[in-house]
Amino acid sequence: MNEREALDLLSFVVDRARSLGATSADALLIDSDDNVVGVRKGEVEKIQRTRSRGMGLRIFRGHSQAIVSTSDLDRSSLESLVRGAVAMAEETQPDPFSGLPGTGAGRVLPSPSLEIFEDPAPDISQEERIRLALETEKAAFAEDPRIRNSEGAEFQSTHLRSYLVNTDGFSGGSARSLYGLSCSVIARDGDSMERDYWYEQSHFYHRLPHPEEVGRHAGRRAISRLHPRRPKTTTCPVLFDAEVARSLVSHLIGALSGYSLYRNATYLKDRENSRVASTGVTIREDPLLPGGFGSRPFDGEGVVSKPKVIVEHGLLKTYLFDAYSGRKNGRSTTGNASRSLGDAPHVGVSNILVEPGGRSKDELLHEMKRGLYVTELIGFGVNAVTGDYSRGAFGFWVEDGEIQFPVSELTIAGNLDDMFQSIVEVGSDRRIRSSIASPSILLGSMRVGGNG
């Protein structure tokens, strides 16, 4: 289905909704094509292709709302769907905060400047997909003879188009493509056996790193974990590797949701324009970042995307709202609605970027002198209401600014408020590898639970 056909079909649906008694409505269409090839130990284990196309419809009668979805896009079927949704809305309890964002009319179409969609899509044969996965795994085994087993390697590709139309006059489309290589292997040396992985992804097929690079990096990571120790319980500085620092940032961002605010379910309530991190921390959201993995021209409610500063030199500058949570808090939407076909919008983000500092990870290790360098986190022991934080960790012990040996079976604990306030420095090693991008982050002190 091309852009014109999709927007015409959505316009038909919202116009019918209005004519049947809806006071307002919006309709979302998503068309996706997903391919996955998986191999393990040189054999093809998985070949999957999923093509899906569906529509989600929100109907409002005053402040009463109904949400329906379907994969049957025949116009006669959609006519019945709309009638049923309007009838459902008549039976729904009114909510004075529900409704469209009301941010004005306009049309927004996919922009090449975002650099997130490869059109036309390259013709990648099944044989080529299998070859890429096999070469990735082969490179991991070739990295070191101690790589003894594999959990597999995969090549994935996704092409997705989404379109949104509402009765306020908004119509828009967005498109993205994504290609990825990943590999997970197991190293063994004597009685020590450790697993690790690596992945790379790109919006453009020709920009995807070579399979050998991905596989060898997965192999090196697994080897580096062999013969871990469990140091004594202590309190010490902790350096979060850039890969795991993203999860730390995600906890703070999650605590800024408008839904958490009105439910009194966040430790950051009533903290706007106050300090929530050390002065060296600045966090932006940039939905228009070229090549960003969360880039989008508009949000899930048709609000045109704009960059914003969330934390500036440690000061909280804004919370994050969709239309509903904004109204519940007496605020306007910040353009942070995310949406699926069958559910109401919720607060989400596009590209979250932690501003890098001026020193490398190795320089931060030297600054730390003695402490824990974390490269993997396990478990979900984070309480957004209180900020209490406790997670399992794997990494490396550092003495005199140098990595000494791998460590495992550790627990790191603290409070998110204290942790962000105690950030000593952020590194210069930020890479855009997902929708949250952070450099390494050095914290002044955390409780590390180990052996005794």
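Predicted, not measured: the structure shown is a model, and the values here were computed from it. (Residues numbered from 1 in each chain as written. Predicted model: local features only at pLDDT ≥ 70, side-chain atom pairs only at ≥ 80, totals over all residues. Heavy atoms only, no water.)

Moving on: the pattern of salt bridges. Overall, the coordinates contain 36 salt bridges when judged by the stated rule. Notably, a salt bridge pairs Asp-33 with Arg-49, separated by 2.6 Å at the nearest N-O pair. With Asp-33 in strand β1 (residues 24-40) and Arg-49 in strand β2 (residues 43-61), this pair connects stretches of sequence that are 16 residues apart. You can call Asp-33 buried: its relative accessible area is 15%. For Arg-49, a relative accessible area of 54% gives the class exposed. Of the charged contacts in the structure, one is a salt bridge between Glu-151 and Arg-195, with a shortest N-O distance of 2.8 Å. One end of the pair, Glu-151, is in strand β5 (residues 147-166); the other, Arg-195, is in strand β7 (residues 192-202), with 44 residues separating them in the sequence. Residue classification places Glu-151 among the partly exposed positions, given a relative accessible area of 45%. The network of salt bridges with shared partners includes Glu-194, Asp-196, Arg-221, Arg-225 and Glu-376. (Salt bridge = Lys/Arg side-chain N within 4 Å of Asp/Glu carboxyl O. Helix = DSSP H or I, 4+ residues; strand = E, 2+ residues; numbered from the N terminus. Buried < 20%, exposed > 50% of the residue type's maximum accessible area, 1.4 Å probe, protein only.)

Regular strands have side chains that alternate between both faces of the sheet. Two strands pair when backbone bridges link them, and strand β8 (residues 234-240) and strand β15 (residues 371-382) are joined in this way by three bridges, in the parallel orientation. For Leu-239, the partnering residue across the bridge sits in β15 and is Tyr-373. Where β15 meets strand β16 (residues 388-399), nine bridges bridge the pair, whose relative direction is antiparallel. Counted as the bridge partner of Leu-372 is Trp-397 from β16. Counted along the chain from β15 to the antiparallel partner β16, the turn is five residues long, and its residue Gly-387 has a positive phi close to 85°. (Pairing = 2+ DSSP bridges.)

Let's shift gears to the environment of Arg-131. Assignment of secondary structure puts Arg-131 in helix α3 (residues 126-143). Assessed through its relative accessible area of 32%, Arg-131 is described here as partly exposed.

This brings us to helix α1 (residues 3-19). Here α1 contains 17 residues, and its C-alpha end-to-end distance of 24 Å stays within 8% of the 24 Å for a straight helix at 1.5 Å per residue. All buried positions along α1 are accounted for by Ala-6, Leu-7, Leu-9, Leu-10, Phe-12, Val-13, Val-14 and Ala-17. The secondary structure elements touched by the buried residues of α1 are β1, β2, α2 (75-91), β4 (106-108), β5 and β6 (170-189). N-capping of α1 is provided by Asn-2, with a side-chain oxygen placed 3.2 Å from the backbone N of Arg-4. Positive backbone phi, at 120°, marks Gly-21, one or two positions downstream of α1. (Expected span 1.5 Å × (residues − 1). Contact = heavy atoms within 4.5 Å. Polar contact = N/O pair within 3.5 Å; in protein donor to acceptor, adjacent residues only side chain to side chain.)

Now for the nonpolar core. Across soluble globular proteins, you tend to see nonpolar side chains buried next to one another. In this structure, Phe-240 and Ile-412 are the most contacted members of the largest nonpolar core, which totals 48 residues. The biggest single contributor to this core is helix α5 (residues 242-254), with six residues. The next biggest cluster of nonpolar side chains, apart from the first, holds 26 residues, and it includes Ala-17, Val-68, Leu-73 and Ala-85. (Core = buried A, V, L, I, M, F, W, Y, C linked by side-chain atoms within 4.5 Å.)

Inspection of every chain in the model, using the stated rule, returns ten aromatic pairs. Note on Phe-155 and Tyr-205: the rings are 6.3 Å apart at their centroids and 80° apart in plane angle, and the pair reads as edge-to-face. Linking Phe-155 in strand β5 with Tyr-205 in the loop between β7 and α4 (211-224), this pair joins segments that are 50 residues apart in sequence. Aromatic pair Phe-170 and Phe-298: ring centres 5.1 Å apart, planes at 70°, arrangement edge-to-face. You can see Phe-170 sitting in strand β6 and its partner Phe-298 sitting in the loop between β9 (283-285) and β10 (308-312), a full 128 residues away along the chain. Neither residue differs from the other here; Phe-170 and Phe-298 are each classed as buried. Chaining the aromatic ring pairs together yields one cluster made of Phe-97, Tyr-259, Tyr-262 and Tyr-324. A cation sits over an aromatic face here: Arg-221 above Tyr-197, 5.6 Å from the ring centre. The residue whose ring lies beneath Arg-229 is Phe-405, and the NZ or CZ to ring-centre distance is 4.0 Å. (Phe/Tyr/Trp six-rings, centres within 6.5 Å; stacked < 30°, edge-to-face > 60°. Lys NZ or Arg CZ within 6 Å of the ring centre and 35° of its normal.)

Here the focus is the sheet that holds β9. Overall, mixed pairing links the five strands, which are arranged β11-β10-β9-β14-β19 in an open sheet. Edge positions in the open sheet fall to β11 (315-316) and β19 (436-437), since each of these has one partner strand only. With two bridges connecting them, β10 and β11 associate as antiparallel partners. Within β11, the position partnered with Val-311 by the bridge is Leu-316.

In this fold, Ser-338 is placed in strand β12 (residues 337-338). Judged by its relative accessible area of 16%, Ser-338 is buried. In contact with Ser-338, other than residues within four places in its own chain, are Arg-296, Pro-345, His-346, Gly-348 and Val-349.

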